[in-house]
Amino acid sequence: MTPRNSTKLIRVLYLDDEDNNLRSFKAAFRRDYEVYTANNTEDAFSILKTHKPQVIFSDQRMPVTSGVEFFNAVRQVFPDPVRILITGFTDVNDIIDAINKGHVYRYITKPWSEAEIKVAIENAYDLYHTRKQLRNKIEDLEKTNNELNRFVYSVSHDLRAPIASVLGLVKVANLDVKEEQAASLFSKVDQSVHKLDLLVNNIIDYYKNSKAAEEFVEVNIENLVDDVLNHLHSGESRENVNIQKSINQNARFFGDYFRIRIVLSHLIANAIKFKKSDQDRARVDLKFAIDAEEIHIRVKDHGVGILHEHVEQIFKMFFRGKDQMAGSGLGLYIVKEALAKMGGSIDVTSSPGEGAEFHICIPNVSKDSDE
């Protein structure tokens, strides 16, 4: 195998308690690689700290510290170098320990050949280089993702103030405008800005759900429903919905209040948005069944329903039905993601013209509490 460019030699460390082995190794490979040798672990760690070798060889049988023990210590402090064990024995237990404790890349039996060692070094360096590239790409991706999240959240918050101002101005204008065409135009502006406001709120909910830590508290269902209705997104209000609820509670319920509120908010908002044209108010039936293991929530609306071909698609990001009332395509995706964070599940049954029923199941963490 042809050695790499001599201006950038691979740095190799070899640890062995026998000086003859060290001299033989260095003599064989010093022209092709930057070779460092040590006959004790203290010197080996000093070389690791100073010269940062990319490939490490170690003899297994040494009087004080075995090769596996050395590698186990090395990977705690210097995890990047690729580790190769050299042994004169084929003890299965040594090999198992090398894999489990030392996390070795491979092992080579004595007597080794120059060709075998060169192949091992070249392949080990390729692995080292690939790992480094992958780690750098992951770090870049995480940085980009965090910056993007912060940007989206910041922009979304900055948009809320001007959107609220426009909605307020349109509302005032509607009170004074008498001409029919102008009133119609203001109504369309109001609808469009409300859609934009809904999108901004959905983006904020998505960001909060992805970033917020889990916080389990005891949940009072009556208070939860009131809280949801009081925090419906702009353009929707509790006056637009008739809630019928039933609660069958056989145990105290502990869960992630913030995310449960997100789930119910989006489902109720959907019910309002997709009510039938002849309905003055959306009707939503909420059923809660709580035991020591989990909470089951059924959210049934009596609106336009979901087309059969859309039922399997509605929880996908940015999916929108062909209906002109279609929303941002984020609401139900956020619901699914919030439930995933809680270890919950959701399914839906629906028929066009007969509404939709969502069945939600969320673990009750009360059994893990200190009580």
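Above this note sits the structure.
## Some details on the overall build of the protein
Next up, step 1: Helices and strands together make up the secondary structure of the protein, namely nine helices and 12 strands.
Next up, step 2: Expressed as a percentage of its 371 residues, the buried residues of the protein come to 37%.
Next up, step 3: Summarising the internal contacts of the protein: among those between residues at least 6 apart in sequence, 69% fall at separations of at least 24.
Next up, step 4: Approximately 20900 Å² of the protein is accessible, and the part contributed by carbon and sulfur atoms is 50%.

## A look at the environment of glycine 305
Next up, step 1: Turning to its location among the elements, glycine 305 is positioned in the loop between strand E10 (294-301) and helix H9 (331-341).
Next up, step 2: Distance in space between the C-alpha atoms of glycine 305 and glycine 353 is 5.3 Å, their sequence separation being 48 residues.
Next up, step 3: Leaving out residues up to four positions away in the same chain, glycine 305 has contacts with Ser350, Ser351, Pro352, Gly353 and Gly355.

## A word on unusual backbone geometry
Next up, step 1: Going from lysine 110 to proline 111, the amide bond is cis rather than trans, its omega being -5 degrees.
Next up, step 2: Along the polypeptide, proline 111 turns up in the loop between strand E5 (106-109) and helix H5 (114-176).

## Description of the packing of aromatic side chains
Next up, step 1: Applying the stated rule across the entire model yields 11 aromatic pairs.
Next up, step 2: Here tyrosine 125 and tyrosine 128 contribute two aromatic rings whose centre-to-centre distance is 6.1 Å and whose plane-to-plane angle is 25 degrees, an arrangement assigned as stacked. Here tyrosine 125 and its partner tyrosine 128 are both found in helix H5, three residues apart, which amounts to about one turn of the helix. For the pair shown, tyrosine 125 and tyrosine 128 are each scored as buried.
Next up, step 3: Consider the rings of tyrosine 206 and tyrosine 333, whose centres lie 6.1 Å apart with planes at 35 degrees: the pair is tilted. Note that tyrosine 206 is positioned in helix H6 (residues 180-211) and tyrosine 333 in helix H9, a separation of 127 residues in sequence.
Next up, step 4: Classification of tyrosine 206 as partly exposed rests on a relative accessible area of 29%.
Next up, step 5: Cluster of aromatic residues (ring-pair linked, three or more members): Tyr14, Phe25, Phe29, Phe57 and Trp112.

## As for the packing of H6 against H9
Helix-helix packing is characterised by the crossing angle of the two axes and by the distance between the axes.
Next up, step 1: For the pair H6 and H9, the least separation of the axes is 10 Å and the interaxial angle reads 15 degrees. Taken as axis vectors, H6 and H9 run roughly parallel relative to one another. As H6 runs across H9, the sense of the crossing is left-handed. Taking contact as the criterion, the partners of Asn202, Asp205, Tyr206, Asn209 and Ser210 in H6 are, on H9, Gly331, Tyr333, Ile334, Glu337, Ala338 and Lys341.
Next up, step 2: Here the residues of the contact of H6 with H9 sort into four nonpolar, four polar and three charged.

## Some details on the sheet that holds strand E7 (residues 241-249)
Next up, step 1: Taken in spatial order, the five strands line up as E7-E9-E10-E12-E11 in an open sheet, and their pairing is mixed. Looking at the sheet topology across the chains shown, the edges are occupied by E7 and strand E11 (345-350). Adjacent strand axes in the sheet meet at a mean angle of 15 degrees, parallel and antiparallel pairs treated alike.
Next up, step 2: Examined bridge by bridge, E11 and strand E12 (residues 356-363) share six bridges and lie antiparallel to one another. Across the sheet, residue aspartate 347 finds its bridge partner in E12, namely histidine 359.
Next up, step 3: Against the sheet, helix H7 (residues 221-230) touches E7, strand E9 (282-290) and E10, its axis set at about 160 degrees to E7.

## Some thoughts on helix H8 (residues 257-273)
Next up, step 1: The terminal C-alpha atoms of H8 lie 24 Å apart, and with 17 residues this matches the ideal 24 Å at 1.5 Å per residue to within 8%.
Next up, step 2: Of all 17 residues that make up H8, 13 are buried, and the element is covered over most of its length.

## A closer look at the sheet that holds strand E3 (residues 55-59)
Next up, step 1: What the five strands build is an open sheet, ordered E2-E1-E3-E4-E5; its pairing is parallel. The two strands at the open ends of the sheet, each matched to only one other strand, are strand E2 (34-38) and E5. Each adjacent strand pair in this sheet contributes to an overall mean axis angle of 20 degrees, direction not counted.
Next up, step 2: By the bridge criterion, five bridges tie E3 to strand E4 (residues 82-87) in an arrangement that is parallel. Looking at E4, one finds that aspartate 59 is bridged to isoleucine 86.
Next up, step 3: Packed onto the sheet, helix H1 (residues 19-29) meets strand E1 (11-15), E2 and E3 and runs at close to 180 degrees relative to E2.

## Observations regarding the packing of H6 against H8
Next up, step 1: Where H6 contacts H8, the two axes come as close as 11 Å, and the packing angle between them is 155 degrees. Viewed along their axes, H6 and H8 adopt a mutual orientation that is roughly antiparallel. As for the relative orientation of H6 and H8, their crossing is left-handed in sense. Packed against H6, whose contacting residues are Leu198, Asn202, Asp205, Lys208 and Asn209, the element H8 presents Phe258, Arg259, Ile262, His266 and Lys273 at the interface.
Next up, step 2: Class assignment of the residues belonging to the contact of H6 with H8 gives a composition of three nonpolar, three polar and four charged.

## Points about the nonpolar core
Next up, step 1: By size, the foremost hydrophobic cluster in this structure holds 43 residues, and its most contacted members are Ile268, Val299, Phe358, Ile360 and Ile362.
Next up, step 2: Mapped onto this core, the elements with two or more residues apiece are H7, E7, H8, E9, E10, H9, E11 and E12.
Next up, step 3: Residue contributions to this core peak at eight residues, all from H8.
Next up, step 4: Apart from the residues lying within four places of it in its own chain, the contact partners of isoleucine 362 are Phe253, Ile260, Glu294, Ile295, Ile297, Leu339, Met342 and Gly344.
Next up, step 5: Core analysis: the next-biggest nonpolar cluster, separate from the first, contains 20 residues, Val12, Ile108, Ala120 and Tyr128 among them.

Parameters at a glance
Residues numbered from 1 in each chain as written. Predicted model: local features only at pLDDT ≥ 70, side-chain atom pairs only at ≥ 80, totals over all residues. Heavy atoms only, no water. Helix = DSSP H or I, 4+ residues; strand = E, 2+ residues; numbered from the N terminus. Buried < 20%, exposed > 50% of the residue type's maximum accessible area, 1.4 Å probe, protein only. Contact = heavy atoms within 4.5 Å. Areas by Shrake-Rupley, 256 points an atom, 1.4 Å probe, with all protein chains shown as cover. Phe/Tyr/Trp six-rings, centres within 6.5 Å; stacked < 30°, edge-to-face > 60°. Axes fitted to C-alpha atoms, helices over the stretch in contact; angles between N-to-C directions. Parallel < 35°, antiparallel > 145°, perpendicular 65-115°, else oblique. Left-handed = near helix turned anticlockwise from the far one by under 90°. Nonpolar A, V, L, I, M, F, W, Y, C, P; charged D, E, K, R; others polar. Pairing = 2+ DSSP bridges. Expected span 1.5 Å × (residues − 1). Core = buried A, V, L, I, M, F, W, Y, C linked by side-chain atoms within 4.5 Å.

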